[in-house]
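# Architecture at a glance
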Amino acid sequence: MHPALTLSVSFWSDQFVNGLTTGSIYALIALGYTMVYGVLKMINFAHGEVFMLGSFAGYGALVVMGGNDLSGPVIALAILGAIIVAMAASVSASVVIERLAYRPLRNAPRLAPLISAIGVSIFLQYLVLEQTSARAKFYPDIFPRGSLSAGPFEITYIQLFLIASSVAMMALLYAIIQRTRLGRAIRAVAENPTNASLMGVDVNRTIVVVFILGAAMAGVAGVLYGLFFQTIRGSMGFIPGIKAFTAAVLGGIGSIPGAMAGGYVLGLAETVGRELLNELPGVSLGNQWRDVIAFTLLVTILIFRPTGIFAQRSTTRA
Amino acid sequence: MPLLEVRDLRAGYGAIIAVKGISLDVNEGEIVTLIGSNGAGKSTTLRAISGVIRPRGGQVTFAGQRIDRLQPHAIVRLGLSHVPEGRGIFHSLSVYENLLMGAYTRDDAIQADLERVYHLFPRLKERLDQPGGTLSGGEQQMLAIGRALMARPRLLLLDEPSMGLSPVLVETIFETIQAIRREGATVLLVEQNALMALEIADRAYVIESGEITLSGTGPALSRDDAVRRAYLGEA
Ligand SMILES: Nc1ncnc2c1ncn2[C@@H]1O[C@H](COP(=O)(O)OP(=O)(O)O)[C@@H](O)[C@H]1O
Ligand SMILES: [Mg+2]
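Residues numbered from 1 in each chain as written. Chains lettered and ligands numbered in written order. Predicted model: local features only at pLDDT ≥ 70, side-chain atom pairs only at ≥ 80, totals over all residues. Heavy atoms only, no water.

## Structural notes on the overall build of chain A
Looking only at helices and strands, one finds twelve helices and four strands in chain A. Taken over the C-alpha trace, chain A has a radius of gyration of 20 Å; the compact-globule value for 318 residues is 20 Å, and the two agree within 12%. Principal-axis analysis of the C-alpha atoms places the extent of chain A at approximately 65 × 50 × 40 Å. Relative to its full complement of 318 residues, chain A shows a buried share of 53%. Contacts in chain A between residues far apart in sequence, at least 24 positions, make up 77% of those at least 6 positions apart. (Helix = DSSP H or I, 4+ residues; strand = E, 2+ residues; numbered from the N terminus. Rg over C-alpha atoms; globule rule 2.2 N^0.38 Å. Buried < 20%, exposed > 50% of the residue type's maximum accessible area, 1.4 Å probe, protein only. Contact = heavy atoms within 4.5 Å.)

## So, the site of ligand 1
All names here are of chain B. In the vicinity of ligand 1, the residues found are Tyr13, Ile16, Ala18, Ser37, Asn38, Gly39, Ala40, Gly41, Lys42, Ser43, Thr44 and Arg47. One of the backbone nitrogen or oxygen atoms of Gly41 is found 3.0 Å away from an oxygen atom of ligand 1. The fraction of the free accessible surface of ligand 1 (560 Å²) that becomes covered by protein chains is 65%. Counting only elements with at least two residues in the shell around ligand 1, the list comes to strand E2 (16-26) and helix H1 (42-50). Residue contributions to the shell around ligand 1 peak at four residues, all from H1. Here the shell around ligand 1 is built from residues that sort into four nonpolar, six polar and two charged. (Near = heavy atom within 4 Å. Polar contact = N/O pair within 3.5 Å; in protein donor to acceptor, adjacent residues only side chain to side chain. Areas by Shrake-Rupley, 256 points an atom, 1.4 Å probe, with all protein chains shown as cover. Nonpolar A, V, L, I, M, F, W, Y, C, P; charged D, E, K, R; others polar.)

## Some details on the packing of aromatic side chains
Aromatic ring pairs are reported here in terms of the distance separating the ring centres and the angle at which the planes meet. Residues and elements named next belong to chain A. Counted by the stated rule, this structure contains ten aromatic pairs over all chains. Between the aromatic rings of Tyr102 and Phe211, the centroid separation amounts to 5.9 Å while the plane-to-plane angle is 40°, which identifies the pairing as tilted. Taken together, the residues Tyr102 in helix H4 (residues 74-102) and Phe211 in helix H9 (residues 203-229) connect sequence positions 109 residues apart. In this structure Tyr102 comes out as buried when scored by relative accessible area, which is 2%. (Phe/Tyr/Trp six-rings, centres within 6.5 Å; stacked < 30°, edge-to-face > 60°.)

## Concerning the interface of chain A and chain B
With 21 residues of chain A at the interface, the matching set in chain B holds 22 residues. Counting the surface lost from both chain A and chain B, the interface buries some 2000 Å², and carbon and sulfur atoms represent 59% of this. Among the residues chain A hides against chain B, the three largest losses belong to A:Arg184, A:Leu198 and A:Met199. Together they make up 34% of the total. Across the chain A-chain B interface, the total number found is one salt bridge. A salt bridge links A:Arg187 to B:Glu97, with the shortest nitrogen-to-oxygen separation between them at 2.7 Å. Between the two partners, chain A and chain B, sit four residue pairs in polar contact (both at pLDDT 80 or more). (Buried area = accessible area lost by both parts, 1.4 Å probe. Salt bridge = Lys/Arg side-chain N within 4 Å of Asp/Glu carboxyl O.)

## Digging into the coordination of the magnesium ion (ligand 2)
All names here are of chain B. Protein coordination at the magnesium ion (ligand 2): the donors are Ser43 (OG) and Glu85 (OE), at 2.0 to 2.1 Å from the metal. One end of the pair, Ser43, is in helix H1; the other, Glu85, is in the loop between strand E6 (80-83) and helix H3 (95-102), with 42 residues separating them in the sequence. Exposure remark for Ser43: the relative accessible area of 11% places this residue in the buried category. According to the relative accessible area criterion, Glu85 is partly exposed, its value standing at 35%. (Donors = N, O, S within 2.8 Å, 3.2 Å for Na, K, Ca; no water.)

## Re the pattern of salt bridges
Under the counting rule described, the total for this entry stands at 23 salt bridges over all chains. The residue A:Arg106 makes a salt bridge to A:Glu98 at a minimum N-O spacing of 2.8 Å. Accessibility expressed as a relative area gives 27% for A:Arg106, which makes it partly exposed. Overall, the relative accessible area of 1% leaves A:Glu98 in the buried class. The partner of B:Arg127 in a salt bridge is B:Glu139, with the nearest N and O atoms 3.0 Å apart. With B:Arg127 in the loop between helix H5 (122-126) and helix H6 (137-149) and B:Glu139 in helix H6, this residue pair connects regions lying twelve residues apart in the sequence. On the basis of relative accessible area, B:Glu139 is assigned to the buried category, the value being 6%. Among the charged side chains, a network of salt bridges with common partners joins A:Lys243, A:Glu270, A:Arg290 and A:Asp291.

In structure tokens form, the structure reads like this:
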């Protein structure tokens, strides 16, 4: 019990900002799960590793560009470069995974691609662990320190950058899905691939595009994660991957706005929710309880509301 | 040379052989109908032509080009549009987005085509922003046909457009099919409603258990005794 904290407004506003920060990462990754599920009705369990690969690629790019020696305005360019390299790496990995591990199983029983996905996930995780001798890497500590305050809210520059760029990426993705010809084709394929093909949509190509969009979001998330938490390792994709999957399920798997909202709900539930539980007499939950909260939510939702907390109609996939 | 030439087409599902070597022709500017009872293989024939299922054998030639190995999205681009059984409306897309999906293969201006669809089906224009799934059956059929027209097809395959519609709506749909033909498109019409189909068709084929058993001009078949007994409800 820490009664001193409960009275502090700034404590709760910090928890809120922290929740938005992790929520942004979950939301970005969750989009890949939900979009692939939308078109293939399959959970791409290798998506956490696509995020991990992006994080490592971004790390490599930053190191090549000067690492901790970077200073001044060049840092902004380096981060942009790292994000682009990470997106490229995640996208390439995802396209290869789709082609080699999922497409050959397109007409197989539903369990087959799922097992294939878990296999790819383990393979990539251990590949990177092996290449790094299972040691952590540390993102260059280049992001300007400092923070902004507004009322009771205090937000560090890195948190602000992380949340703002996540929201910007999601807005861009949402606009693509809702407003463009490509987005319409994706929604049409998600609803009915055969009918979409009768409109002239190349279904296989569209599925690849969906993997590309999801992987691009995961690549961005990888760099943001690295800049914020600094420590990355080959196994880093697992927990955020499952959390993001939880977020996608929370929001109703297949739904794009649902995945975004689910990411933030989960981020806030883990941080603010844990501290609220700590307010109960005799309860004192450490940091590890964040995972317990997330997975309790996952199981509860799967049992009682498998269509997600916002579900209205089961056919809406956008 | 016919616009569509089907030779010895065979198709099926798993162990089921639904279409057992049928041949038919559709000439430019015609309305041709394929009639037959439920389960005869009409929809399967259309699916094999448009590439939704891969033919097991035989040849399909459209506008002089073999299409029996092509994927459906490639066939649409050649000018062959298939309105499937059940209409195939995207329920989560708006009516307007459904029409845009119809024009997916096009990169020229489509405004005139939209106007033409609104003119044929004024009810669609009132419902442009509604999700396709909220339309009535008749409106969905109008949308399905209007959407197919957005591709400016040379050949339109229609699978039971009258299914589930009130007699008044059936009348409207059949008038539209004739209007579409007058504007230059060719139509292959599959129907269980043989009476109406034979009335507007130039030529007709009768399919039974996956085989063509009769063919002739529309008027001739509607006078045929066997056809009258089997499909026009006469004893
Ligand atoms: N998707 C399918 N899977 C398996 N069998 C099918 C399928 N669709 C149709 N069939 C079978 O193929 C035969 C022909 O069906 P179909 O072409 O739909 O006939 P029609 O359109 O003339 O009513 C029937 O025996 C039907 O049961
Ligand atoms: Mg049928």
